[in-house]
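Coordinate analysis (summary)
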Amino acid sequence: MIQSVNSVPAFDIKQQYATIEAEISAAVLEVLASGRYIGGPAVEGFEKQFAAYHGVSNCVACNSGTDALYLALRALGIGAGDEVITTPFTFIATAEVISEVGAKPIFVDIDETTFNLDVEKVAAAITAKTKAIIPVHLFGQPMDMTELMAIAQSHNLPVIEDCAQATGASWGGQKVGSIGHIGCFSFYPTKNLGGCGDGGAITTNDPAIATQLRILREHGSKVRYIHEQVGINSRLDALQAVILQIKLRYLDHWNERRRAIADYYYQFLSQIPGIIPPQELLGGVGVWNQYTIRVSSQDRNGASSKYRDWVKNQIQEKGVNSMIYYPYPLHLQPVYQSLGYQPGDLPMSEQASSQVLSLPMFPELTQQQQDQVIYALKDCLG
Ligand SMILES: *Cc1c(COP(=O)(O)O)cnc(C)c1O
């Protein structure tokens, strides 16, 4: 039998653009005609709106989520000889910036159900050299910030939230990025609030940190051509800023759509043996940058990544595209070999890497497409 199915993409940012094309075009043309391409009212306007959205007093826009994290560490004065605790189950950028400032990443294992840092293990990893903790709200799921902040505060440690995948998520009624000392955001096109190019932002309620961030992103200079520190060039373009201003107005609506899709998936996927669908923690409101299931074979000691990969191929044949975020945990990456971690050191992260599968998730996903995803999984596992 010949199956004629349209394929379901893992994400589709062109569809979203089509819904707001007229607004974006008008705003972009206005910037082009203005001649103010760097800084100016577009960027300042976006910073104000992004700060207000998060209920914080300061937002400093920058060139990427990676730069946001780098600048945050620099603003806290973290460098050589310091340790920073983070998760190995994340995108490389989270750890890369720790190395970039000269500090040492200390990887702590994740919690099995949330894919986020295991708070008890964080407490056990704190030493006299620890200078900060970087939790990641992975896949858009906020981590338990109440417990993490309690531990951080008892050791007088700053918390830098990596909110790259979680713009708009909240914990205990507070937006992520407003709970720790500094929040770091990415506007990479596939993030919940995505620009049409690179972009990032940093949120904080600490005015001294905000001032320092502004100096560092502008070549270490407060007064033009007087450089007091070694900084970088990390600015958000005016074009990205006006696009992001428009998209910020739709963010809650788009995140609600993602939440509805996650609910629909859960209803059906929780019935299929061998699949563990993700679930929200009580107190958290997630924004589902990714909808990531675990696929576990009966023989849990067997080659489970092979089984997951088999499932990925099976559903691919039925037109369902999926992604693996992340196939290798960071503590076992070649670049971190010198840190001396061995396979088995952080078992939950290693297990996650061999079992995760991210299903199609974007606000414009139709019910028919969601059904196609569910049926494809049912066919090969049910
Ligand atoms: C995307 C991402 C980053 C980096 O953001 P860029 O804007 O691509 O530099 C950092 N951390 C996490 C968890 C991310 O997903």
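If you're wondering where the values come from, they're calculated on a predicted model, not measured in any experiment. (Residues numbered from 1 in each chain as written. Predicted model: local features only at pLDDT ≥ 70, side-chain atom pairs only at ≥ 80, totals over all residues. Heavy atoms only, no water.)

Considerations on the site of the ligand
- Inspection of the region around the ligand gives 16 residues, with G65, T66, Q165, S186 and K191 positioned closest.
- D162 is positioned with one of its side-chain polar atoms (N or O) 2.8 Å from a nitrogen atom of the ligand.
- The side chain of Q165 places a nitrogen or oxygen atom 2.8 Å from an oxygen atom of the ligand.
- Notes on the ligand: free accessible area 380 Å², of which the protein chains cover 93%.
- Mapped onto the shell around the ligand, the elements with two or more residues apiece are α4 (65–75) and α5 (93–100).
- Examining the composition of the shell around the ligand, we find that three residues originate from one element, α4, more than from any other. (Near = heavy atom within 4 Å. Polar contact = N/O pair within 3.5 Å; in protein donor to acceptor, adjacent residues only side chain to side chain. Areas by Shrake-Rupley, 256 points an atom, 1.4 Å probe, with all protein chains shown as cover. Helix = DSSP H or I, 4+ residues; strand = E, 2+ residues; numbered from the N terminus.)

Considering empty space enclosed by the protein
- Taken as a whole, this structure holds three cavities of 30 Å³ or more when the rule is applied.
- Considering only enclosed or pocket space, the largest cavity measures out at about 190 Å³ in volume.
- F11, I13, T190, R258 and F362 are, among the 22 residues lining the largest cavity, the residues nearest its centre.
- Only α1 (13–19) and α10 (251–269) provide two or more residues apiece to the lining of the largest cavity.
- When residues of the lining of the largest cavity are sorted by domain, at least three fall in each of domain 1 (15–108 + 115–245) and domain 2 (251–381).
- The computed volume of the second largest cavity comes to approximately 60 Å³.
- Along its surface, the second largest cavity is lined by T113, T114, F115, L138, F139, Q141, P278, Q279, W288, Q290 and T292. (1 Å grid on protein atoms, 1.4 Å probe; cavity = no way out; pocket = protein on both sides within 12 Å on 5 of 7 lines; lining within 4 Å. Points joined across faces, edges and corners; volume = space filled by probe spheres on them. Domains from an automatic or database assignment.)

Some thoughts on the pattern of salt bridges
- Tallied over the entire structure, the rule returns nine salt bridges.
- Between D309 and R308 there is a salt bridge, with its nearest N and O atoms 2.8 Å apart.
- Its relative accessible area of 31% is what places D309 among the partly exposed residues.
- R308 sits in the buried class, given a relative accessible area of 3%.
- What emerges from the salt-bridge pattern is a single network uniting E47, R214 and R217. (Salt bridge = Lys/Arg side-chain N within 4 Å of Asp/Glu carboxyl O. Buried < 20%, exposed > 50% of the residue type's maximum accessible area, 1.4 Å probe, protein only.)

As for the sheet that holds strand β4 (residues 130–134)
- The strand order across the open sheet formed by three strands is β3-β2-β4, and the pairing between neighbours is parallel. The two strands at the open ends of the sheet, each matched to only one other strand, are β3 (104–107) and β4. Neighbouring strand axes in the sheet, compared pairwise and without regard to direction, differ in orientation by 30 degrees on average.
- As paired elements, strand β2 (residues 83–86) and β4 share four bridges and run parallel to each other. Bridged to T86 within β4 is I134.
- Along the sheet, α5 makes contact with β2, β3 and β4, crossing β3 at roughly 145 degrees. (Pairing = 2+ DSSP bridges. Axes fitted to C-alpha atoms, helices over the stretch in contact; angles between N-to-C directions. Contact = heavy atoms within 4.5 Å.)

Details of the domain arrangement of the chain
- The domain architecture assigned to the chain consists of domain 1 (15–108 + 115–245) and domain 2 (251–381).
- For domain 1 and domain 2, the distance between their C-alpha centroids amounts to 25 Å.
- Each partner contributes residues to the interface: domain 1 has 37 residues there, and domain 2 has 35 residues.
- Together, the buried faces of domain 1 and domain 2 total about 3,000 Å²; carbon and sulfur atoms form 61% of this surface.
- Contact with domain 2 buries surface across domain 1, with F89, F139 and N192 losing the most and accounting together for 22% of the total. (Buried area = accessible area lost by both parts, 1.4 Å probe.)

A closer look at the pairing of β3
- Note: β2 against β3, four bridges, orientation parallel. Bridge pairing links E83 to K104 in β3.
- Taken together, β2, α5 and β3 form a β-α-β motif whose crossover is right-handed. (Right-handed = clockwise from strand over helix to strand, strands pointing away.)

With respect to the packing of aromatic side chains
- Considering all chains together, one arrives at 16 aromatic pairs under this definition.
- Each ring, one from F89 and one from Y326, has its centre 6.2 Å from the other, and the planes form 85 degrees; the classification is edge-to-face. With F89 in the loop between β2 and α5 and Y326 in the loop between α11 (304–317) and α12 (347–355), this residue pair connects regions lying 237 residues apart in the sequence. The two residues F89 and Y326 agree in class, both being buried.
- On the basis of an interplanar angle of 55 degrees and a centroid distance of 5.7 Å, the ring pair of Y325 and Y326 is categorised as tilted.
- Assessed through its relative accessible area of 13%, Y326 is described here as buried. (Phe/Tyr/Trp six-rings, centres within 6.5 Å; stacked < 30°, edge-to-face > 60°.)

As for the nonpolar core
- Counting 28 residues, the largest nonpolar core has F46, F50, F187, L193 and L248 as the members making the most contacts within it.
- Secondary-structure elements contributing two or more residues to this core are α2 (21–34), α3 (41–54), β1 (58–62) and α9 (238–248).
- With residues up to four places along the chain from it excluded, the contact list for F187 reads F46, F50, L193, G194, G195, G197, G199, G200, A201 and L244.
- Within the second largest apolar cluster, 26 residues are counted, among which are I272, V320, A376 and C380. (Core = buried A, V, L, I, M, F, W, Y, C linked by side-chain atoms within 4.5 Å.)

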